[in-house]
Amino acid sequence: MTDLNALNDVTGQVAVVTGGTQGIGLACAERFAAGGAKVAVIGRNAANGEAAVAAIKRHGEHVIYLQGDCTSGPDMAAAFAEVDRQWGRIDILVNCAGGFTASPRLDEIDEDGWRKGIEWNLTSKFLAIRLVAPVMKRAGYGRIVNVTSVAGRGGIVGAPLDYSAAKAGVEGLTRRVAVELGPLGITVNAVAPGTTMTPRLSRMTERRMEQVIARIPVGRLGKPEEIAHGIFFLCTPGAGYVNGAVIDMNGGSWTG
Ligand SMILES: NC(=O)c1ccc[n+]([C@@H]2O[C@H](COP(=O)([O-])OP(=O)(O)OC[C@H]3O[C@@H](n4cnc5c(N)ncnc54)[C@H](OP(=O)(O)O)[C@@H]3O)[C@@H](O)[C@H]2O)c1
């Protein structure tokens with residue numbers, strides 16, 4: 001008989017969350033810690049990292065912060081090696097680090113800005129997956145979730161070009177790696193949040209926020225813990241038959 005509680009149980013597992021020091025990534029880290037997992041969060045800013053560790057420790061005991069830029073191969077190699085050294089396994093990877101700082105139009109964006117957006121939102125995920133795959137293969141088990149965006153799902157006016165393209169690319173990466181790692185007990189999925197109430201939204205004007213909310217059928221923005229809830233599901237042992245999927249968590253709006 002199937003142990004139904006085991007389907008949801010991540011006790012003792014090791015979860016790495018890139019961009020886990022704030023927003024959706026932090027909510028994921030807290031969720032894993034509350035579920036009994038050991039959690040490593042990666043981010044660039046050490047002060048953010050220390051604050052995140054304190055917040056996550058309210059939910060669970062084993063938490064480490066690793067400083068690094070997810071677009072840097074050497075930074076990521078050092079971070080993943082440290083997790084493996086400390087805990088000897090990695091069961092879960094949530095590839096959350098990403099974002100944008102400006103939204104230039106096609107006739108405004110320069111080549112450097114384009115490349116940076118692709119590095120930040122797509123290459124960063126490839127780097128982490130490549131590093132974690134051998135550790136998961138060794139165990140014959142793993143759960144990888146890539147955080148993409150509604151901006152990669154629809155043509156959203158005002159969404160940055162590089163960001164939208166990179167997020168759509170994350171879907172291709174997800175499906176392709178799912179095919180390669182699925183036979184080895186490792187699932188690879190993506191979650192595409194709609195506008196979610198995280199610190200980066202402090203940059204949004206009140207007027208823009210009202211416009212966004214007016215287009216969301218549930219009549220509000222998403223909460224980080226709601227996105228984390230979906231990500232957590234994909235990272236449980238019971239989600240083993242979900243592979244190569246993109247789960248939309250956007251309140252029913254594909255227009256951003
Ligand atoms: N919030 C939304 O409305 C929304 C909607 C759709 C998709 N998403 C996606 O969800 C993810 C998280 O978004 P969020 O709103 O939670 O963002 P956020 O509040 O800006 O937090 C981003 C987190 O990622 C870290 N980070 C960013 N770039 C990094 C890098 N290159 N290397 C290492 N760490 C990095 C940041 O820490 P440091 O600054 O210290 O490095 C921070 O912990 C992103 O991929 C974003 O595209 C968000």
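Refer to the structure printed above.
Just so you know, these numbers come straight off a predicted model, no measurement behind them.

Enquirer: Can you help me understand the site of the ligand in this one?
Expert: Every one of the 31 residues lining the ligand counts as a neighbour, but Thr21, Arg44, Cys96, Tyr163 and Thr198 are closest to it. The side chain of Gln22 places a nitrogen or oxygen atom 3.0 Å from an oxygen atom of the ligand. In this structure, Lys167 approaches the ligand through a side-chain N or O atom, which is 2.9 Å from an oxygen atom. Coverage of the ligand by the protein amounts to 94% of the 880 Å² it exposes when considered alone. Those elements that provide at least two residues to the shell around the ligand are helix H1 (23–34), strand S2 (38–43) and helix H5 (161–181). Among the residues forming the shell around the ligand, the class breakdown is 11 nonpolar, 16 polar and four charged.

Enquirer: Looking at this structure, I do not really get the pattern of salt bridges. What am I missing?
Expert: Two side chains carrying opposite charge are able to pair once their charged atoms lie near each other. Scanning the model with the defined rule gives 11 salt bridges in all. In this structure, Asp112 and Lys116 form a salt bridge, with 3.1 Å as the shortest nitrogen-oxygen distance. Highlighted residues: Asp112 and Lys116, both in helix H4 (residues 111–139), separated by four residues, approximately one helical turn. The closest approach of N and O atoms between Glu180 and Arg176, which form a salt bridge, is 2.8 Å. With Glu180 and Arg176 both in helix H5 and four residues apart, the pair spans about one turn of that helix. Taking relative accessible area as the criterion, Glu180 reaches 45% and is therefore assigned partly exposed. Taken together, the shared-partner salt bridges connect Arg153, Glu171, Arg175 and Asp248 into one network.

Enquirer: Quick question: what am I supposed to make of the packing of H1 against helix H2 (residues 46–56) here?
Expert: When two helices pack together, their arrangement is given by the angle between their axes and by how far apart the axes lie. Look at H1 against H2: their axes get within 9 Å of each other, and the N-to-C directions meet at 35°. As for how H1 packs across H2, the hand of that crossing is right-handed. Here Leu26, Ala29, Glu30 and Ala33 of H1 lie close against H2, whose contacting residues are Ala52, Ala55 and Ile56. Grouping the amino acids of the contact of H1 with H2 by side-chain chemistry returns six nonpolar, no polar and one charged.

Enquirer: I would appreciate a short explanation of the packing of aromatic side chains in the present structure.
Expert: The description of two aromatic rings rests on the distance between their centres and on the angle between their planes. Scanning the model with the defined rule gives two aromatic pairs in all. Taking 5.8 Å as the distance between ring centres and 40° as the angle between the ring planes, the aromatic pair formed by Phe32 and Phe232 counts as tilted. Taken as a pair, Phe32 in helix H1 and Phe232 in helix H7 (residues 224–234) lie far apart in primary sequence, 200 residues in all. The exposure classification of Phe32 matches that of Phe232, with both residues buried. Centroid distance Phe100 to Tyr163: 4.8 Å. Interplanar angle 65°. Geometry classified as edge-to-face. One end of the pair, Phe100, is in the loop between strand S4 (92–95) and H4; the other, Tyr163, is in helix H5, and 63 residues separate them in sequence. The class for Phe100 is partly exposed, based on a relative accessible area of 24%. With relative accessibility at 4%, the residue Tyr163 sits in the buried group. The ring of Phe232 is capped by Arg31, whose NZ or CZ atom sits 3.9 Å from the centre of that ring.

The rules behind the values
Along each chain, the written sequence defines residue order, and numbers are assigned to residues from 1. For a predicted model such as this one, the threshold for reporting local features is a pLDDT of at least 70, and the threshold for listing and counting side-chain atom pairs is 80 or more; totals across whole chains, interfaces and linings nevertheless cover every residue. Here the side-chain values reflect all heavy atoms present in the structure, with hydrogen atoms and water set aside. Whether a residue is near a molecule or strand is decided by its heavy atoms; if any one of them lies within 4 Å of it, the residue is near. Here a polar contact means two N or O atoms within 3.5 Å. Within protein one must be a hydrogen donor candidate and the other an acceptor candidate, and residues neighboring in sequence count only if both atoms are side-chain atoms. Accessible surface area values rest on a Shrake-Rupley calculation with a 1.4 Å probe, where residue burial reflects the displayed protein chains alone. Under the scheme used here, helices are H or I runs from DSSP no shorter than 4 residues and strands are E runs no shorter than 2 residues, and both carry numbers assigned from the N terminus. As a working rule, the residues Ala, Val, Leu, Ile, Met, Phe, Trp, Tyr, Cys and Pro are called nonpolar, Asp, Glu, Lys and Arg charged, and the rest polar, with Gly in that last group. Between Lys or Arg on one side and Asp or Glu on the other, a salt bridge is scored when a side-chain nitrogen of the former is within 4 Å of a carboxyl oxygen of the latter. Per-residue accessibility, obtained with a 1.4 Å probe over protein chains only, is compared with the maximum for each type, and a residue is labelled buried under 20%, exposed over 50%, and partly exposed between these values. Helix axes are fitted only over the stretch in contact, all axes being lines through C-alpha atoms; the angle between N-to-C directions runs from 0 to 180 degrees. For a crossing to be left-handed, the near helix must be turned anticlockwise from the far one by less than a right angle; the clockwise case is right-handed. For this analysis, residues touch if any pair of their heavy atoms sits within 4.5 Å. The criterion for an aromatic pair is that two Phe, Tyr or Trp rings (for Trp, the six-membered ring) have centres within 6.5 Å, with stacked assigned to planes under 30 degrees apart, edge-to-face to planes over 60 apart and tilted to the rest. Ring-over charges, as used throughout, are those where CZ of Arg or NZ of Lys falls within 6 Å of the ring centre and within 35 degrees of the ring normal.

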